[in-house]
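One-letter residues, chain by chain:
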Amino acid sequence: MTHLIAPSVLSADFANLQRDVEMINASQADWFHVDVMDGVFVPNISFGFPVMEAIKKHAKKPLDVHLMIVNPDQYIERFAAAGADVITVHYEACTHLHRTVQAIHAAGCKASVALNPHTPAALLKDILGDLDMVLIMSVNPGFGGQQFIPNTLHKVRELRAMAALIKPDLLIEVDGGVGLHNTAALLQAGANVLVAGNAIFAAPSPTAMITELKQVDGSAVQV
């Protein structure tokens, strides 16, 4: 499978949101990455259902919704109804993670679990078989534009090796500080979904940057 590119709409121009959504529609991007922050789980607030519903109204590609919130269980059905195709919850925010994953699937969405930089990949061993995707945070969640944490590559390799025994078709997504400078290394480590925000929207041509990210050769996957 070729890797997927998921532009983060958190970096879009919110005064021209429809324009940027239509740019992603017309580009080689695969998903929209939608970061939902509550100011409690992370020290920032992004947006909620009205903005997400506005994106969904115009989006022609799947919505990859990343919940950086406490008590995500109480909102799963509502995010599904608002148009989420993939719902990611944080391991650190879920007391009963298996129940949460079941609820995501019951709502008709793909289930994904995110790990903060300090959280070991091995903690997902007992639930990996139930997941469609794991999101590895390569920065501390809450703000865009941060520097990529190099240990992410080791964590992706570790997770890919574990998935090979339990869930070979697992999607591994990386979010934070992703750009042309590290895309090849991430793909070779075993990632196959890349979130990019500033790298795309701050580029002279966001569409051209998406194409460049999509065309990076990740065929030599090494675990």
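Before any of the text, the structure's been laid out above.
Figured I'd write up the structure that's included with this text.

The rules we used
Throughout, residues of each chain are indexed from 1 in the direction in which the sequence is written. For a predicted model such as this one, the threshold for reporting local features is a pLDDT of at least 70, and the threshold for listing and counting side-chain atom pairs is 80 or more; totals across whole chains, interfaces and linings nevertheless cover every residue. Side-chain metrics rest on all non-hydrogen atoms present in the structure, leaving aside hydrogens and water. Ring pairs are drawn from Phe, Tyr and Trp, using the six-membered ring of Trp, whenever the two centres fall within 6.5 Å, and their geometry is named by plane angle: stacked under 30 degrees, edge-to-face over 60, tilted for the rest. Here a helix means four or more residues in a row that DSSP labels H or I, a strand means two or more in a row labelled E, and each is numbered from the N terminus. Only protein chains enter the area calculation, which uses a 1.4 Å probe; residues under 20% of their type maximum are buried, those over 50% are exposed, and those in between are partly exposed. Strands are treated as partners if at least two bridges between them are detected by DSSP. Each salt bridge in this description consists of a side-chain nitrogen of Lys or Arg and a carboxyl oxygen of Asp or Glu lying within 4 Å of one another.

This next bit is on the packing of aromatic side chains. Across all of its chains, the model carries three aromatic pairs by this definition. Relative to F79, the ring of F49 has its centre 4.5 Å away and its plane inclined at 40 degrees; by these criteria the two rings are tilted. Highlighted residues: F49 in helix α2 (residues 49–58) and F79 in helix α3 (residues 76–81), separated in sequence by 30 residues. For the pair F49 and F79, one class covers both residues: buried.

Take the pairing of strand β5 (residues 110–115) next. Consecutive side chains of a regular strand alternate in pointing toward one face of the sheet and then the other. With respect to burial, β5 is a largely interior element, five of its six residues being buried. As paired elements, strand β4 (residues 86–90) and β5 share five bridges and run parallel to each other. Directly across from V89, in β5, lies its bridge partner V113. Note: β5 against strand β6 (residues 133–137), four bridges, orientation parallel. Bridge pairing in β6 links L115 to I136.

The next point concerns the pattern of salt bridges. Inspection of the entire model under this criterion finds four salt bridges. Between D13 and R19 there is a salt bridge; the shortest N-O distance is 3.7 Å. Overall, the relative accessible area of 30% leaves D13 in the partly exposed class. Where D20 meets R19, a salt bridge forms, and the shortest distance between an N and an O atom there is 3.0 Å. Three or more residues are tied together by salt bridges with common partners; here these are D13, R19 and D20.

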